[in-house]
Amino acid sequence: MSNSYNINQIKNLNDALIYIKTELKSIYNNHEIQSFTNIIFQHLINFSKIDIIIKTDTELTNHTKIQIIKIVEQLKKHKPIQYIIGETEFYELKFRISPEVLIPRPETEELVKWIIDDTVTKQNIDILDIGTGSGCIAIALAKNILNSRINAVDKYEGALAIAKKNAQLNNANISFINDDILSYNKTKYSNKFDIIVSNPPYVRELEKKVMDKNVVDYEPHTALFVADNNALIFYDAIADFAIDNLKTNGKLYFEINEYLAKNLTDLLNNKGFENIIVKKDINDKNRMVRAEFD
Ligand SMILES: C[S@@+](CC[C@H](N)C(=O)[O-])C[C@H]1O[C@@H](n2cnc3c(N)ncnc32)[C@H](O)[C@@H]1O
């Protein structure tokens, strides 16, 4: 099948499934195609995974068929499905996504879970999320740590606009701050925090060549990359910020580059942080750090 595919060749869901598979099988594996079809039909006709299996004779409207063909054309150009449909899920919440923000990752859900597990007995706490992007960390924490006051900062207005929409969508009360954490403006932070969390840019330019095309070509480079010779620039600045802005016994949480765990723990040690813990993600990669300062 080609670009000149005639939508009349698709009558029902089964035809659409065959069309999607035929068009994408030379680019994606079966598992990826299955995951795309689940997302596409959930998004377009609100079908669950089970509906897709048992209701294959469902007739599709012309509008739906045209949407499917448009989505498939973009998938063929390696555009991430989340940007194509403009949404994704994170911590069982729905998030709007645009090219101004990174697509939230499963490993970041693990970081959020760690923070939530650590705070089950605490209430009324102040939290700051640095480099909020879509707002996924701040919003997931707001929905799961009751009575918390959450602030979220990003350098880019485009990202903050999406994060604000997501806070509204999820009915989460977040105070957003526009600031550059590398030269932060003290007057924008009126109180101290029990928890500071950040998933800052941490991919070195040298790692670009082994990254997937869909990430390098479509995700915002301002959210991803740091210079090879200053890979911990954000961690250094955020650790200094935390020394000045954490409450006594406050905790700093980071998502980290799997290759830089030792460099980062050395950096935190040298600055006087204590109880530094590195945690692996589900793929057994060093992915998170927690540190305390008093
Ligand atoms: C790796 S993304 C993380 C986004 C989101 N928190 C997540 O976990 O999916 C890093 C974020 O840091 C923001 N950022 C980059 N440079 C910054 C700076 N100098 N000050 C504040 N935020 C910055 C980017 O706009 C981006 O949203």
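The structure displayed is predicted, hence computed values, not measured ones.

**Re the domain arrangement of the protein**
Many authors give the size of an interface as the accessible area that is lost as the parts come together.
Link 1 in the chain: Considered domain by domain, the protein is made up of domain 1 (7-77) and domain 2 (104-293).
Link 2 in the chain: Taking only C-alpha atoms, the centre of domain 1 and the centre of domain 2 are 36 Å apart.

**Focus on the packing of aromatic side chains**
Link 1 in the chain: Enumeration according to the criterion identifies nine aromatic pairs in this entry.
Link 2 in the chain: Ring centres of Tyr 189 and Phe 241 lie 5.0 Å apart, and the angle between their planes is 75°; this geometry places the pair in the edge-to-face category. Within this pair, whereas Tyr 189 is found in the loop between strand S5 (174-178) and strand S6 (193-198), its partner Phe 241 is found in helix H11 (residues 233-245), the two being separated by 52 residues in sequence. Here Tyr 189 matches Phe 241 in class, with each residue buried.
Link 3 in the chain: Clustering of aromatic rings is evident, with ring pairs tying together Phe 90, Tyr 91 and Phe 95.
Link 4 in the chain: Positioned above the aromatic ring of Phe 47, the side-chain terminus of Lys 55 is 5.2 Å from the ring centre.

**Quick look at the site of the ligand**
Link 1 in the chain: Neighbouring the ligand are 20 residues, the closest being Gly 131, Asp 154, Asp 180, Ile 181 and Asn 199.
Link 2 in the chain: Take Gly 133: an N or O atom from its main chain is 3.3 Å from an oxygen atom of the ligand.
Link 3 in the chain: For the ligand, an oxygen atom lies 2.7 Å from a polar atom in the side chain of Asp 154.
Link 4 in the chain: The fraction of the free accessible surface of the ligand (600 Å²) that becomes covered by protein chains is 97%.
Link 5 in the chain: The set of elements that each furnish at least two residues to the shell around the ligand consists of helix H7 (136-144) and helix H10 (221-224).
Link 6 in the chain: When its residues are assigned to classes, the shell around the ligand shows 10 nonpolar, six polar and four charged.

Conventions and cut-offs
Residues numbered from 1 in each chain as written. Predicted model: local features only at pLDDT ≥ 70, side-chain atom pairs only at ≥ 80, totals over all residues. Heavy atoms only, no water. Domains from an automatic or database assignment. Phe/Tyr/Trp six-rings, centres within 6.5 Å; stacked < 30°, edge-to-face > 60°. Helix = DSSP H or I, 4+ residues; strand = E, 2+ residues; numbered from the N terminus. Buried < 20%, exposed > 50% of the residue type's maximum accessible area, 1.4 Å probe, protein only. Lys NZ or Arg CZ within 6 Å of the ring centre and 35° of its normal. Near = heavy atom within 4 Å. Polar contact = N/O pair within 3.5 Å; in protein donor to acceptor, adjacent residues only side chain to side chain. Areas by Shrake-Rupley, 256 points an atom, 1.4 Å probe, with all protein chains shown as cover. Nonpolar A, V, L, I, M, F, W, Y, C, P; charged D, E, K, R; others polar.

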